[in-house]
Amino acid sequence: MLSKKIEDVLNDQINAEFYSAYLYLSMEAYFESANLPGFANWMRVQTQEELTHAMKIYDFVNERGGTVSLKSIAQPPTKWQSPLAAFDGAYEHEQSVTGRINDLVNLAVKEADHATNTFLQWFVNEQVEEEKSANDIVQKLKLMADAPGGMYMIDQELGQRVFTPPAAEGV
Ligand SMILES: [Fe+2]
Ligand SMILES: [Fe+2]
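Only a predicted model underlies this, so the values are computations on that prediction, with no experimental measurement involved. (Residues numbered from 1 in each chain as written. Chains lettered and ligands numbered in written order. Predicted model: local features only at pLDDT ≥ 70, side-chain atom pairs only at ≥ 80, totals over all residues. Heavy atoms only, no water.)

Student: Explanation requested: a nonpolar patch on the surface in the structure shown.
Tutor: Taken together, the side chains of Tyr22, Leu25 and Ile73 define a hydrophobic patch exposed on the protein surface, amounting to about 250 Å² of accessible area. Relative to the assigned elements, tyrosine 22 resides in helix α1 (residues 4-33). A relative accessible area of 40% means that tyrosine 22 is categorised as partly exposed. (Patch = residues over 30% accessible without salt bridge, like charges linked within 9 Å, V, L, I, M, F, W, Y side chains within 5 Å. Areas by Shrake-Rupley, 256 points an atom, 1.4 Å probe, with all protein chains shown as cover. Salt bridge = Lys/Arg side-chain N within 4 Å of Asp/Glu carboxyl O. Helix = DSSP H or I, 4+ residues; strand = E, 2+ residues; numbered from the N terminus. Buried < 20%, exposed > 50% of the residue type's maximum accessible area, 1.4 Å probe, protein only.)

Take a look at the structure:
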């Protein structure tokens, strides 16, 4: 059984994951309008991943006998100055999500809720990947965006990303 406090923060995290999906979907729209289909594809896959994060927590709350309560999702930004600005935003966002996950773990430890703590470890590891993948693209853009054909090459590369459902990752 979940404590009321843990239930509340998990419900907040479901909302935060949906916001992440919304943010990346908004970035997808920006890249579509900038005629960068590979960047847009990367953001679509990212959106799908965020939806699986939300659903993972949703299922966990139910499994533990808690009650899911969905809240409004805040409006994400709709415009960025450049592809680099969008990926800077994505990297910053992932760092803030990592902070949230760490706060959640701290609370689970404080309440000696070992099941929630164990559940959250998947997210702790996932955030390492999330920060790395956003930052890798930030660095690539800094190196290559001004080079001849650089944006085209990055767009081709990001177009290769494919969504892998969590079950297929063995999670
Ligand atoms: Fe997430
Ligand atoms: Fe994320």
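Student: What is the right way to read the coordination of the iron ion (ligand 2) from this model?
Tutor: Note on metal sites: the ideal angle is 109.5 degrees for four tetrahedral donors, and 90 or 180 degrees for six octahedral donors. Distances from the iron ion (ligand 2) to its protein donors, Glu50 (OE), Glu94 (OE), Glu94 (OE) and Glu130 (OE), fall at 1.9 to 2.6 Å. Viewed at the metal, the four donor atoms of the iron ion (ligand 2) are separated by angles of 53 to 151 degrees, and the geometry they form is irregular. Separating the iron ion (ligand 2) from the iron ion (ligand 1) is a gap of 3.3 Å, which glutamate 50 spans by donating to each of them. Remark: glutamate 130 occurs in helix α4 (residues 114-144) and glutamate 50 occurs in helix α2 (residues 37-63); sequence separation between them is 80 residues. On the accessibility criterion, glutamate 50 (1% relative accessible area) is buried. (Donors = N, O, S within 2.8 Å, 3.2 Å for Na, K, Ca; no water. Tetrahedral: all angles 85-135°; square planar, octahedral: opposite > 155°, others 65-115°.)

Student: When you look at the layout of surface pockets in this model, what are you seeing that I'm missing?
Tutor: Gaps left between atoms are located by rolling a probe of water-molecule size over the structure's atoms. Within this model, the largest pocket holds a volume of roughly 310 Å³. Lining the largest pocket we find 19 residues, and of these Glu49, Glu129, Glu130, Ser133 and Arg161 sit closest to its centre. The element best represented in the lining of the largest pocket is α4, accounting for eight residues. Residues belonging to the lining of the largest pocket are distributed by class as follows: six nonpolar, four polar and nine charged. (1 Å grid on protein atoms, 1.4 Å probe; cavity = no way out; pocket = protein on both sides within 12 Å on 5 of 7 lines; lining within 4 Å. Points joined across faces, edges and corners; volume = space filled by probe spheres on them. Nonpolar A, V, L, I, M, F, W, Y, C, P; charged D, E, K, R; others polar.)

Student: I tried to follow the pattern of salt bridges on my own but got confused; where do I start?
Tutor: For side chains of opposite charge, pairing can occur when their charged atoms come near one another. Applying the stated rule across the entire model yields eight salt bridges. Close ionic contact of aspartate 113 with arginine 64 constitutes a salt bridge, the shortest N to O distance being 3.4 Å. Here arginine 64 lies in the loop between α2 and α3 (83-110) and aspartate 113 lies in the loop between α3 and α4, a separation of 49 residues in the sequence. Overall, the relative accessible area of 10% leaves aspartate 113 in the buried class. Among the ionic pairs, lysine 132 bridges to aspartate 136, the shortest N-O distance being 2.8 Å. Here the residue lysine 132 and the residue aspartate 136 both occupy positions in helix α4, the gap between them amounting to four residues, near one helical turn. Taking relative accessible area as the criterion, lysine 132 reaches 47% and is therefore assigned partly exposed. For aspartate 136, a relative accessible area of 34% corresponds to the partly exposed category. Through salt bridges with shared partners, a single network forms among Lys4, Glu7 and Asp8.

Read these as layout, nothing more, since geometry by itself doesn't imply function.
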